[in-house]
Structure formats: structure tokens, C-alpha cells
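So you can see what is in the structure, the chains are spelled out below.
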Amino acid sequence: MGIYAVKTTASQEQTVADMIINREEAEIHAALAPDSLTSYVMVEADGNAVLERVLEDIPHARSIVPGKSDISEVEHFLSPKPDVEGIAEGDIVELIAGPFKGEKAQVQRIDEGKDQVTVELYEATVPIPVTVRGDQIRVLDSDER
């Protein structure tokens, strides 16, 4: 058993992964189409012979990359990265959701465990710290860049 990379047409990765899994082959265990990996689908299978047979009938599946991968090579695709990753204290952000949508703010504190950021709104006459989820902000200007 191993993990094989299947070359696909660009932007068709999820479609190919879905079609491979929908075939319900006993020798194919999983298919993964990570957003960060363009034109490839990772497939866990007992061998590449079954994969070659299945791919003959699947449009947008181009070929199998020679050789197989180990789970350690694809592990980083399996765990989601926190939304607050890449945000630093002092960054200028825009709130993209919630009651303060469209407001600009400065990051005061980051709680990676809860995936939350405490910001201070710019336009407020009295500085009030507001805690929002990491997916509700977009970094506009960073001190680190």
C-alpha cells in the first residue's frame, strides 16, 4: 500500500478526487486534493495497477507520477493551519465579517489556541479592544513585510 500522485488538468483536482472515490474500488482507500497542490491529487491505494485501470475512465486525470510517496510526505496537507498563522502583533488588518465589517484595526494580541485575534479599531473615538476569529480579518499591512 502506498500514496500515489496523480497528475490532473488544472482546476479539476477535486473533480478527479471525487470520481476516483466514487468508483468504490476495494484497493483504493482515499483521495486527497489539497488546495495548495495545483494539478495533482494524492491517492492511497494498494498498488498503481488498480489506479491505472481506474484512471482510464476518468476525464481530466492525466497520469500517475512514477514512484510512491510515504505518509510523512503528505502529512502537512492533512492538518489545517490556523487562521491566525502569518498575523503578527502590530499588523494593520481589515475586518471582513461581523458587526465591524469594513473597519480597519491594529492587531493587539493573538491567541493561537483559540484561533482568535484581539484588535483595536482605528476609527473609534475611544480605543476598544475587539476579539474576532482569525478568519474574520485580512492583513493589509504587516511590520514583517
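All values derive from a computational prediction rather than experimental measurement.

### Overview of the overall build of the protein
Right, so step 1: Counting its regular elements, the protein contains 3 helices and 9 strands.
Right, so step 2: Helices and strands in the protein line up, N terminus first, as β-α-β-β-α-β-α-β-β-β-β-β.
Right, so step 3: At 21 Å, the protein has a C-alpha radius of gyration far larger than the 15 Å of a compact globule built from 145 residues.
Right, so step 4: Viewed in the frame of its principal axes, the protein has a C-alpha envelope of about 65 × 25 × 25 Å.

### Some thoughts on the sheet that holds strand β1 (residues 2-8)
Right, so step 1: The strand order across the open sheet formed by 4 strands is β2-β3-β1-β4, and the pairing between neighbours is antiparallel. Edge positions in the sheet fall to β2 (28-32) and β4 (61-64), since each has one partner strand and no second. Ignoring which end each strand starts from, the neighbouring axes of this sheet average 30 degrees apart.
Right, so step 2: One ladder, built from 6 bridges, connects β1 with strand β3 (residues 40-45); its direction is antiparallel. If you follow V6 over to β3, its bridge partner there is V41.

### Considering the packing of aromatic side chains
Right, so step 1: For the structure shown, the criterion picks out 0 aromatic pairs.
Right, so step 2: When the ring centre of Y40 is taken as reference, the NZ or CZ atom of K7 above it lies at 5.0 Å.

### Here we look at the side chain of T118
Right, so step 1: Among the secondary structure elements, T118 is positioned in strand β7 (residues 116-121).
Right, so step 2: Those residues within four positions of T118 in sequence are excluded, and the remaining contacts are Q106, V107, Q108, R109, P129, V130 and T131.

### Considerations on the nonpolar core
Right, so step 1: One finds I20, I28, V43, L51, L55 and I58 to be the most contacted residues of the largest nonpolar core, which totals 17 residues.
Right, so step 2: Here this core takes 4 residues from helix α2 (residues 48-55), the largest share from any one element.
Right, so step 3: With sequence-adjacent residues up to four places away left out, I58 is seen in contact with V16, M19, I20 and R23.
Right, so step 4: One finds I87, V107, V119 and V132 within the second-largest nonpolar core, a separate group that totals 12 residues.

### As for the sheet that holds strand β8 (residues 129-133)
Right, so step 1: Strand order across the open sheet formed by 5 strands is β8-β7-β6-β5-β9, with antiparallel pairing between neighbours. The two strands at the open ends of the sheet, each matched to only one other strand, are β8 and β9 (137-141). When strand polarity is set aside, the average angle formed by the axes of neighbouring strands in this sheet is 45 degrees.
Right, so step 2: Bridging between strand β5 (residues 92-95) and β9 involves 4 bridges; their strand directions are antiparallel. Paired with I92 across the two strands is D141, which belongs to β9.

What counts and how
- Residues numbered from 1 in each chain as written.
- Predicted model: local features only at pLDDT ≥ 70, side-chain atom pairs only at ≥ 80, totals over all residues.
- Heavy atoms only, no water.
- Helix = DSSP H or I, 4+ residues; strand = E, 2+ residues; numbered from the N terminus.
- Rg over C-alpha atoms; globule rule 2.2 N^0.38 Å.
- Pairing = 2+ DSSP bridges.
- Axes fitted to C-alpha atoms, helices over the stretch in contact; angles between N-to-C directions.
- Phe/Tyr/Trp six-rings, centres within 6.5 Å; stacked < 30°, edge-to-face > 60°.
- Lys NZ or Arg CZ within 6 Å of the ring centre and 35° of its normal.
- Contact = heavy atoms within 4.5 Å.
- Core = buried A, V, L, I, M, F, W, Y, C linked by side-chain atoms within 4.5 Å.
- Buried < 20%, exposed > 50% of the residue type's maximum accessible area, 1.4 Å probe, protein only.

Worth remembering: the numbers are spatial, not functional.
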